[in-house]
Amino acid sequence: MMNQLSFKPLSIVALTAFSLNIGSVFAATPTGIQDAIPVAKSLNGTKKDDGWYNLSSASKTKTVDGQSVTIAGIPGGGFPGMAPLPNVVSQVKSDADNSATFRKVNNGATGGAFPSSDSLYAGSFSGAFNVNGGKLGVFETAPVDNLANVVFQVEIGGANGYDFYQPSVGNTTTIGGASTHAAGALAVTNYFPTLNLTFGDNTTTQLSANWAELSTKGENGTTSAGGTEEPIYINLYAFQWDLSGYSNISSFNVTFDVVAHSQTYAARLTQSDTFNQVVAVPVPEPESYAMILAGLGLIGFAARRRQV
């Protein structure tokens, strides 16, 4: 299976044509971008919601929570390293004080994300798969009081079946599995976004998400680069952290590594002071159900023996 980009940012088409085998050219505004935009999550308690819905260099009109909004693009653009990413990017929905920012943390092995005509494009001259395309993240310096719940969503179009960089795999010609994921709960992996927390007496810790899901996937054209015509998807992921066990949280950030040639379209950060789970729980496999039922049977047997 081959999952290539649906289109290339205009500023680097000539630079990357020799290293990428792109079989088709697609419309400038694929429907998958709008289909996979971050959506509202119903968190309880006092909530703060920040969104970045147009991580590109061009002005776009997007439907955000049912409302059509025109969002200015990011100034600049160009090849990696030439246009620094501003701290605050296309933030059009903020419930508080703009203390949350979207940032490029660093470049990757062969380049880094920069504003293209439609996304933050992780530029690279490499034709290998699963190359580190740089680190992105959202940073919150004034979280809600008594923070207990964090949900982070990111809309990302992968390359060659990868979207998040997987360091354990290494550079490869093996197609990744991101394009074949079905919508629903995902097992948490060590290459998904990490929450970096500062709490208590300036203590810091790194936390993997408690739950992860592929919320939806938007088809973004097709490619025949692998020899067979197949769809390309933009994936909307959601990750949730239960922080109810931590006190005096002063700041946090959520960071993630993308692969070269991936495209990051949008992100959303939602937080509250009351925990309620909104990200899907993985459904147990059939053998897990058998173990659960067997365990319940043993409990019932032990209870009956106590009654004798």
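See the structure shown above.
Everything in this summary refers to the structure shown in the same document. (Residues numbered from 1 in each chain as written. Predicted model: local features only at pLDDT ≥ 70, side-chain atom pairs only at ≥ 80, totals over all residues. Heavy atoms only, no water.)

1. Some details on the overall build of the protein chain
Applied cut-off: Strands here mean DSSP runs of E at least two residues long; helices mean DSSP runs of H or I at least four residues long; both are numbered from the N terminus. In this analysis, two residues are considered to be in contact whenever any of their non-hydrogen atoms come within 4.5 Å of each other. Surface exposure here means Shrake-Rupley accessible area, sampled with a 1.4 Å probe, where a residue is shielded only by the protein chains that are shown.
Along the protein chain, the regular secondary structure elements total 3 helices and 16 strands. A separation of at least 24 residues holds for 77% of the contacts in the protein chain among residues at least 6 apart in sequence. Entry remark: accessible area of the protein chain is about 13,400 Å², with carbon and sulfur atoms responsible for 53%.

2. Focus: the nonpolar core
Short version of the rule: Definition of nonpolar core: a set of buried residues of the types Ala, Val, Leu, Ile, Met, Phe, Trp, Tyr and Cys, connected through side-chain atoms within 4.5 Å. The cut-offs for exposure are 20% and 50% of the maximum accessible area for each residue type, with area from a 1.4 Å probe on protein chains only; residues under the lower value are buried, those over the upper are exposed, and the others partly exposed.
Residues Phe152, Leu195, Tyr237, Phe239, Trp241 and Leu243 are the most contacted members of the largest nonpolar core, which totals 38 residues. Those residues in contact with Phe239 that lie beyond four places of it in its chain are Val150, Val151, Phe152, Val154, Phe164, Phe192, Pro193, Ala209, Trp211, Ala212 and Val279. Counting residues in hydrophobic clusters, the runner-up holds 5 residues, among them Ile33, Ala36, Ile234 and Tyr265.

3. Quick notes on the side chain of Glu140
Which entries qualify depends on this criterion: Here a polar contact means two N or O atoms within 3.5 Å. Within protein one must be a hydrogen donor candidate and the other an acceptor candidate, and residues neighboring in sequence count only if both atoms are side-chain atoms.
Of note, Glu140 is situated in strand E8 (residues 132-140). Residue Glu140 is classed as buried on the basis of its relative accessible area of 1%. One polar contact links Glu140 to Ser99, side chain to side chain, over a distance of 2.4 Å.

4. Focus on the side chain of Ser119
Along the chain, Ser119 falls in the loop between strand E6 (113-115) and strand E7 (120-122). Of the residues examined, Ser119 reaches a relative accessible area of 0% and is grouped as buried. A distance of 3.3 Å separates the side chain of Ser119 from the side chain of Gln263, its partner in a polar contact. Aside from chain neighbours lying at most four places away, what touches Ser119 is Leu55, Ser56, Phe114, Gln263, Thr264 and Tyr265.

5. Section: the packing of aromatic side chains
Stated formally: Pairing of aromatic side chains here covers Phe, Tyr and the six-membered ring of Trp, requires ring centres within 6.5 Å, and sorts the geometry by plane angle: under 30 degrees stacked, over 60 edge-to-face, intermediate tilted. Two thresholds decide whether a charge sits over a ring: the Lys NZ or Arg CZ must be within 6 Å of the ring centre and within 35 degrees of the ring normal.
On inspection of all chains with the given rule, the structure shows 13 aromatic pairs. Seen from their ring centres, Tyr191 and Phe192 are 5.4 Å apart, and the 70° between their planes marks the pair as edge-to-face. When the ring of Phe192 is compared with that of Tyr237, the centres are 6.2 Å apart and the planes differ by 50°; the resulting orientation is tilted. With Phe192 in the loop between strand E10 (184-186) and strand E11 (194-199) and Tyr237 in strand E14 (residues 230-242), this residue pair connects regions lying 45 residues apart in the sequence. Taken individually, Phe192 and Tyr237 each receive the classification buried, so the pair is uniform in this respect. Positioned over the ring face of Phe139 is Arg103, at 4.5 Å from the centre of the ring. One residue, Lys217, lies across the ring of Tyr233, its end atom 4.2 Å from the ring centre.

6. What about the sheet that holds strand E15 (residues 251-259)?
The line we're drawing: By definition, two strands form a pair when at least two bridges between them are found by DSSP. The axes used here are C-alpha line fits, helices contributing only the stretch in contact, and every angle between their N-to-C directions lies in the interval 0 to 180 degrees.
Taken in spatial order, the 5 strands make up an open sheet running E5-E8-E15-E11-E12, and their pairing is antiparallel. Each having just a single partner strand, strand E5 (100-106) and strand E12 (203-208) make up the two edges of the open sheet. This sheet shows a mean twist of 20° between the axes of neighbouring strands, independent of strand direction. Two strands pair when backbone bridges link them, and E11 and E15 are joined in this way by 5 bridges, in the antiparallel orientation. What sits directly across from Thr194, in E15, is Thr255.

7. Remarks on the environment of Pro38
Looking at the element boundaries, Pro38 is found in the loop between helix H2 (31-35) and strand E1 (47-52). Owing to a relative accessible area of 1%, Pro38 belongs among the buried residues under this scheme. Put simply, Pro38 and Trp52 are 14 residues apart on the chain and 9.1 Å apart in space, counted from C-alpha to C-alpha. With near-sequence residues (within four places) excluded, Pro38 lies in contact with Tyr53, Gln153, Glu155, Leu236, Ala266, Ala267 and Arg268.

8. Comments concerning the pattern of salt bridges
As a reminder of what qualifies: We count a salt bridge whenever a side-chain nitrogen from Lys or Arg sits within 4 Å of a carboxyl oxygen from Asp or Glu.
One pass over the full model with this rule turns up 6 salt bridges. A salt bridge links Glu213 to Lys41, with the shortest nitrogen-to-oxygen separation between them at 3.0 Å. Here Lys41 lies in the loop between H2 and E1 and Glu213 lies in strand E13 (residues 211-223), a separation of 172 residues in the sequence. Between Lys48 and Glu140 there is a salt bridge; the shortest N-O distance is 2.7 Å. Residue Lys48 is located in strand E1, and its partner Glu140 is located in strand E8; the two are separated by 92 residues in the primary sequence. Via salt bridges that share partners, Asp49, Asp65 and Arg268 belong to a single interconnected network.

9. Overview of the environment of Tyr237
Residue class for Tyr237 comes out buried when judged on its relative accessible area of 0%. Not counting residues within four places of it along the chain, the set of residues in contact with Tyr237 comprises Phe152, Gln153, Val154, Ile156, Asp163, Phe164, Ala178, His181, Leu186, Glu213, Leu214 and Ser215. At a separation of 2.7 Å, a polar atom in the side chain of Tyr237 contacts the side chain of Asp163. Among the polar contacts listed, one links the side chain of Tyr237 to the side chain of Asn235, at a separation of 3.3 Å.

10. A closer look at the pairing of E15
Counting buried positions over the 9 residues of E15 gives 7, a clear majority of the element. In this sheet, E15 lies alongside E8 in antiparallel orientation, the contact comprising 7 bridges. Looking at the pairing, Val138 lines up with Val254 of E15.

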